[in-house]
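Working through the structure, step by step
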Number of protein chains: 2
Amino acid sequence: MATIKDVAMDAGVSVGTVSNVINGGNVSEERKQRVEQSIQKLGYQVNGIARKMRTQRTDYVVVILPDVTNPFYSMLLQGLERALSAYGKQPLLCISDGEKEKEIKYIEMAKANKVDGIIGVTFSDVEEYLDDTLAFVSIERRFQKNVPCVSGDNYRGGRMAAEELTARGATNLLLVQTIMSVDNEVRKRRFGFEDYCEENGISYASITFSEKQVPSVYSSFSARSLIGSVLQAHMNNQMTENGRPNGIFAGTDHLAVVIREELERMGLRVPEDVQLIGYDGLRWMNTGQPFVSSIYQDTGLIAKTSVDCLMRLLNGEVVEDIIDLPIVFQDGGTTLPLPKIGAKDGAFDEEGQAEIKQGDI
Amino acid sequence: MATIKDVAMDAGVSVGTVSNVINGGNVSEERKQRVEQSIQKLGYQVNGIARKMRTQRTDYVVVILPDVTNPFYSMLLQGLERALSAYGKQPLLCISDGEKEKEIKYIEMAKANKVDGIIGVTFSDVEEYLDDTLAFVSIERRFQKNVPCVSGDNYRGGRMAAEELTARGATNLLLVQTIMSVDNEVRKRRFGFEDYCEENGISYASITFSEKQVPSVYSSFSARSLIGSVLQAHMNNQMTENGRPNGIFAGTDHLAVVIREELERMGLRVPEDVQLIGYDGLRWMNTGQPFVSSIYQDTGLIAKTSVDCLMRLLNGEVVEDIIDLPIVFQDGGTTLPLPKIGAKDGAFDEEGQAEIKQGDI
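Not measured: the values here are computed from a predicted model.

1. Some words on the overall build of chain A
- Summing up its helical and strand segments, chain A has 12 helices and 12 strands in all.
- Relative to its 361 residues, chain A shows a buried fraction of 57%.
- Carbon and sulfur atoms make up 48% of the accessible area of chain A, which amounts to about 15200 Å² in all.

2. Concerning the environment of Gly-98 of chain B
Residue and element names in this part refer to chain B.
- Position of Gly-98 relative to the elements: it lies in the loop between strand 2 (90-95) and helix 6 (100-112).
- In sequence terms Gly-98 and Ile-64 are 34 residues apart; their C-alpha atoms lie 9.5 Å from each other.
- Setting aside residues no more than four positions away along its own chain, Gly-98 makes contact with Pro-66, Glu-103, Phe-123 and Ser-124.

3. Section: the nonpolar core
- Core analysis: the largest hydrophobic core is formed by 114 residues, its most contacted members being Ile-248 and Ile-259 of chain A together with Ile-248 and Ile-259 of chain B.
- Among residues more than four places away in sequence, those in contact with Ile-259 of chain B are Val-176, Ile-227, Leu-231, Ile-248, Ala-250 and Leu-276 of chain B.
- Grouped together as the second largest cluster of nonpolar side chains are 36 residues, Ile-118 and Val-147 of chain A together with Tyr-60 and Leu-92 of chain B included.

4. Observations concerning the relation of the copies chain A and chain B
- Laying chain A over chain B is done by rotating through 180° and shifting 0.1 Å along the axis; what remains is an RMSD of 0.2 Å. Considering both components of the superposition, the chain copies are consistent with a two-fold axis. Within chain A, the C-alpha atom positioned nearest to the axis of rotation is that of Leu-92 of chain A, 2.2 Å from it.
- The fraction of interface residues of chain A whose copies in chain B are also interface residues reaches 100%, indicating that both copies meet through the same surface.

5. Here's the deal with the sheet that holds strand 8 (residues 247-250) of chain A
All names here are of chain A.
- Taken together, the 6 strands give an open sheet; going across it, the order is 7-6-8-9-10-12, and neighbouring strands pair in mixed fashion. In the strand order of this sheet, the two ends are held by strand 7 (203-210) and strand 12 (327-330), each with one partner. When the angles between neighbouring strand axes are averaged without regard to direction, this sheet yields 20°.
- The pairing of strand 6 (residues 172-179) with strand 8 spans 4 bridges and is classified as parallel.

6. Focus on the confidence of the model for chain A
All names here are of chain A.
- On average, residues of chain A carry a pLDDT of 85, and 86% of them reach 70 or more.
- Across chain A, element-level confidence peaks in helix 7 (residues 154-167) with a mean pLDDT of 98 and bottoms out in helix 12 (residues 350-359) with 38.
- Segment residues 344-361: pLDDT under 50, and 28 contacts once partners within four positions in sequence are set aside and those in other chains are kept.
- Of the two predicted TM-score estimates for the complex, the pTM is 0.80 and the ipTM is 0.78.

7. Considerations on the pattern of salt bridges
- Tallying each qualifying case throughout the model produces 38 salt bridges over all chains.
- Asp-10 of chain A serves as the salt-bridge partner of Lys-41 of chain A, at 2.7 Å between the closest nitrogen and oxygen. Of this pair, Lys-41 of chain A sits in helix 3 (residues 29-42) while Asp-10 of chain A sits in helix 1 (residues 4-11), and the two are 31 residues apart along the sequence.
- What makes Lys-41 of chain A exposed here is its relative accessible area of 61%.
- Residue classification places Asp-10 of chain A among the partly exposed residues on the basis of a relative accessible area of 33%.
- When the shortest N-O distance is used, the salt bridge between Arg-269 of chain B and Asp-273 of chain B registers 3.0 Å.

8. Some details on the packing of helix 5 (residues 71-86) of chain B against helix 11 (residues 299-314) of chain B
All names here are of chain B.
- Relative orientation of the contacting elements helix 5 and helix 11 amounts to 45°, with a least axis distance of 8 Å. The orientation of helix 5 with respect to helix 11, classified from their angle, is oblique. Considering only the axes of helix 5 and helix 11, their crossing is right-handed. The residues of helix 11 that touch helix 5, namely those facing Phe-72, Met-75, Leu-76, Gly-79, Leu-80, Ala-83 and Leu-84, are Thr-299, Ile-302, Ala-303, Lys-304, Ser-306, Val-307 and Met-311.
- The class makeup of the residues in the contact of helix 5 with helix 11 is 10 nonpolar, 3 polar and 1 charged.

9. A word on the side chain of Ser-38 of chain A
- Relative to the helices and strands, Ser-38 of chain A is located in helix 3.
- With residues up to four places along the chain from it excluded, the contact list for Ser-38 of chain A reads Val-7, Asp-10 and Ala-11 of chain A.

10. Here's the deal with the interface of chain A and chain B
- Between chain A and chain B, the contact holds 42 residues from the first and 42 residues from the second.
- Taking both sides of the interface into account, the surface hidden between chain A and chain B amounts to around 3600 Å²; carbon and sulfur atoms contribute 60%.
- When the area that chain A buries against chain B is broken down by residue, the three leading residues are Tyr-60, Trp-284 and Met-285 of chain A, summing to 21%.
- At the surface where chain A touches chain B, the tally comes to 2 salt bridges.
- The partner of Asp-97 of chain A in a salt bridge is Arg-82 of chain B, with the nearest N and O atoms 2.8 Å apart.
- Here chain A is connected to chain B by 14 residue pairs in polar contact (both at pLDDT 80 or more).
- Contributions of two or more residues to the side of chain A that touches chain B are made by helix 5 (71-86), strand 2 (90-95), helix 6 (100-112) and helix 10 (253-265) of chain A.
- Considered class by class, the residues forming the side of chain A that touches chain B number 20 nonpolar, 13 polar and 9 charged.

11. Notes on the sheet that holds strand 9 (residues 275-280) of chain B
All names here are of chain B.
- Pairing is mixed across the open sheet formed by 6 strands, whose spatial order is 7-6-8-9-10-12. Two strands bound the open sheet, and with one partner strand each, they are strand 7 (203-210) and strand 12 (327-330). Geometrically, the sheet is characterised by an average inter-axis angle of 20° between neighbouring strands, direction not taken into account.
- Packed on one face of the sheet, helix 7 (residues 154-167) meets strand 6 (172-179), strand 8 (247-250), strand 9, strand 10 (294-297) and strand 12 and runs near 160° to strand 9.

12. Structural notes on the packing of helix 2 (residues 15-22) of chain B against helix 3 (residues 29-42) of chain B
Residue and element names in this part refer to chain B.
- At their nearest, the axes of helix 2 and helix 3 sit 10 Å apart, and the two run at 90° to each other. Judged on the interaxial angle alone, helix 3 and helix 2 are roughly perpendicular. On the side of helix 2, the interface is formed by Thr-17, Val-18, Val-21 and Ile-22, while helix 3 contributes Arg-31, Lys-32, Val-35, Glu-36 and Ile-39.
- When grouped by side-chain class, the residues that make up the contact of helix 2 with helix 3 number 5 nonpolar, 1 polar and 3 charged.

13. So, the pairing of strand 1 (residues 60-65) of chain A
Residue and element names in this part refer to chain A.
- Among the 6 residues that make up strand 1, 6 are buried, leaving the element largely enclosed by the rest of the structure.
- Neither face of strand 1 is left uncovered, since the one carrying Tyr-60, Val-62 and Ile-64 and the one carrying Val-61, Val-63 and Leu-65 both have all their residues buried.
- Relative to strand 2, strand 1 runs parallel, the two being bridged by 6 bridges. From the neighbouring strand, Val-63 faces strand 2, where its bridge partner is Leu-93.
- Taking the sense of rotation as the criterion, the β-α-β connection linking strand 1, helix 5 and strand 2 turns out right-handed.
- Pairing analysis gives 3 bridges linking strand 1 to strand 3 (residues 118-120), with the strands arranged parallel. Each residue of the ladder has a partner; that of Val-63, found in strand 3, is Ile-119.

Calculation criteria
Along each chain, numbering runs from 1 in the same order as the chain's sequence is written. A letter from A marks each chain and a number from 1 marks each ligand, given out in the order of writing. Where local features are concerned, this predicted model is filtered to residues with pLDDT of at least 70; where side-chain atom pairs are given and counted, the filter is 80 or more; whole-chain, interface and lining totals use all residues. For the side-chain quantities, the full set of heavy atoms in the structure was used; hydrogens and water were omitted. Secondary structure elements follow DSSP: runs of H or I no shorter than four residues count as helices, runs of E no shorter than two count as strands, and numbering proceeds from the N terminus. For each residue, the accessible area found with a 1.4 Å probe, counting protein chains only, is set against the maximum for its type, and the residue is called buried under 20%, exposed over 50%, and partly exposed in between. A 1.4 Å probe and the Shrake-Rupley method give the accessible areas. Residues count as covered only by the protein chains that appear here. Contacts are residue-level and defined by heavy atoms, with any inter-residue pair within 4.5 Å sufficient. Definition of nonpolar core: a set of buried residues of the types Ala, Val, Leu, Ile, Met, Phe, Trp, Tyr and Cys, connected through side-chain atoms within 4.5 Å. When the copies are overlaid, the least-squares fit takes in C-alpha atoms only where the residue has pLDDT of at least 70 in both copies. When DSSP locates at least two bridges between a pair of strands, those strands are taken to pair. Working convention: axes come from line fits to C-alpha atoms, limited for helices to the stretch in contact. Angles between N-to-C directions cover 0 to 180 degrees. pLDDT: the predictor's confidence for each residue, scored from 0 to 100. Every case where a carboxyl oxygen of Asp or Glu lies within 4 Å of a side-chain nitrogen of Lys or Arg is listed as a salt bridge. Roughly parallel here means an angle under 35 degrees, roughly antiparallel means over 145, roughly perpendicular means 65 to 115, and every remaining angle is called oblique. A clockwise turn of the near helix away from the far one marks a right-handed crossing, whereas an anticlockwise turn of less than a right angle marks a left-handed crossing. Each residue receives one of three labels: charged for Asp, Glu, Lys and Arg, nonpolar for Ala, Val, Leu, Ile, Met, Phe, Trp, Tyr, Cys and Pro, and polar for the others, Gly being one of them. Buried area is a sum: the accessible area each of two parts loses on coming together, probed at 1.4 Å, counted once for each and added. The term polar contact refers here to a pair of N or O atoms within 3.5 Å; inside protein, the definition further demands a hydrogen-donor-capable atom paired with an acceptor-capable atom, and it admits residues adjacent in sequence only when both atoms are side-chain atoms. Here a crossover is taken to be right-handed if, once the strands point away from the viewer, the path from the first strand over the helix to the second is traced clockwise.

Quick look at the structure:
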């Protein structure tokens, strides 16, 4: 994508001159023609963001997150602060609690104030409040408008969870996920999981809770009670050919921790009776022990990619979605070691042993 | 403390008139005299902050924190955002990593930009960079200058840790704490602990690591190794009259989690062989299971109190330190139940049982 600098270079003028041409400033007819030719030739997209921002640059970027006590978001925030700070900018933190009114309030605030743009994880239908003068990078959610979305590879992560569970001996899988009312990338964890099971003939069931049934604070009594009773119904199920599930994929680590507690309450051992994989790969203080076996997302990379996308938007570029950032399985003690190929029960290969150790750091 | 509103009320003029008198604006001699009399009579302190802020109010408050992946700080940040948002303001987040250069950079940025003030947890010697035009509220650390400090009651918290350990049967105590090079309120945890032990004739030892020896990321290999080997030396000590410690007070929950892992590595059971109390009262996602038994600090209250102090500074008031915010013991499974009074070993009273259940939520 051509930038304003490329146009200036091609036309042999300063960036300021290109800016003046775009914004209708005072430029000689001859220079104006050269700039316009370069714009056409290079396919430079003059957008509202670049036009607005050239006169209104600040050092602030609004960061909208639903909650920063959730370690996934606090790590993402730390990554965003580091990446923004490297560009001489600081995040103006706005916590939405996932509420639509707050998300709208913060977007309107960003438009009214002199900020460089927004990086946000939004849960509500706020598309109509965005416009082409507002640089907006969306994490884990795609909009129709020209808003780049940055996300880990959720589809591949869902496949990976099913693959890791079955490779470690699970034969009957269960997915438990809570989903937002708006479509987002996170839903693809389920599609990947189900596709993998279908393609490989693996017995599975899926439980999906809407956010109305199970709000993001899973520890509320009613939410826990619902998760517990639905889980118990599945675990007691002896009617199907395969009996009760022996491998569970939870949509987040947070949910996995709740599920582990519920399983232990039912007298089931994790991972001996039921293996469990979460999503996000959270660790105690981001450096210590993982809470559960999980599909790890690199929050630092998601943050840095989002900030880079924002900077490119401010530079007048058209920025595509980046929704395939790498994920990796991380052993956290709630899965069994990989069986040794060709070995009898109870013998593990070195890789499996090493992973158990890694989870025990 | 008198505010500008009190002065206006007493002099029978508007706040704007008082402001004009203070800032040398156009006011009739008669009104000016009335205002000056009221200022003297009420002892109203005209300070640089109020003078500067009247013309430069914004909606931003710089928040300096060393790290937001530490749950104590992420909960504090969430509290600060909520309290600021209630005043129509948002935090401009600055993460310092506890580094002096970054703390100075953010203070200078706050002075240069139009922000309403700073609320910060600072670790370095930055006193000389503060001035009386900058509204600054310091959390957990006192400065010489007119900067209000907000903190939980660390001295009482230290006493409480020693008291809870001994009430639950520990007879030989050990304190492990890391301390910053600058003096701060957190050090009082140790003084409270030691005073309680001295006053009650309890056998104890204290280990203090400087931040240079054990940086805040305890999980780094060298830091863990140091904590582990020093701990092992104490736990193996059979030379003193009382043998090895059977009750440990760790300066933070984070450190307590590291210590628990080291104790388990040595083959010691927590709480059966050694009881353990941390500090902060962190829970999984701020709602679930506590990590360890702990002295709980109310981060929401610390945050709200800090924001209220900042608003009073902006209102021209002189604000005193508030360093006695309440703390409370929270059972997290690393301590034994309280023994039933007059009962034999192994019998617990109802309170003890209830606390065990609370820790098991």
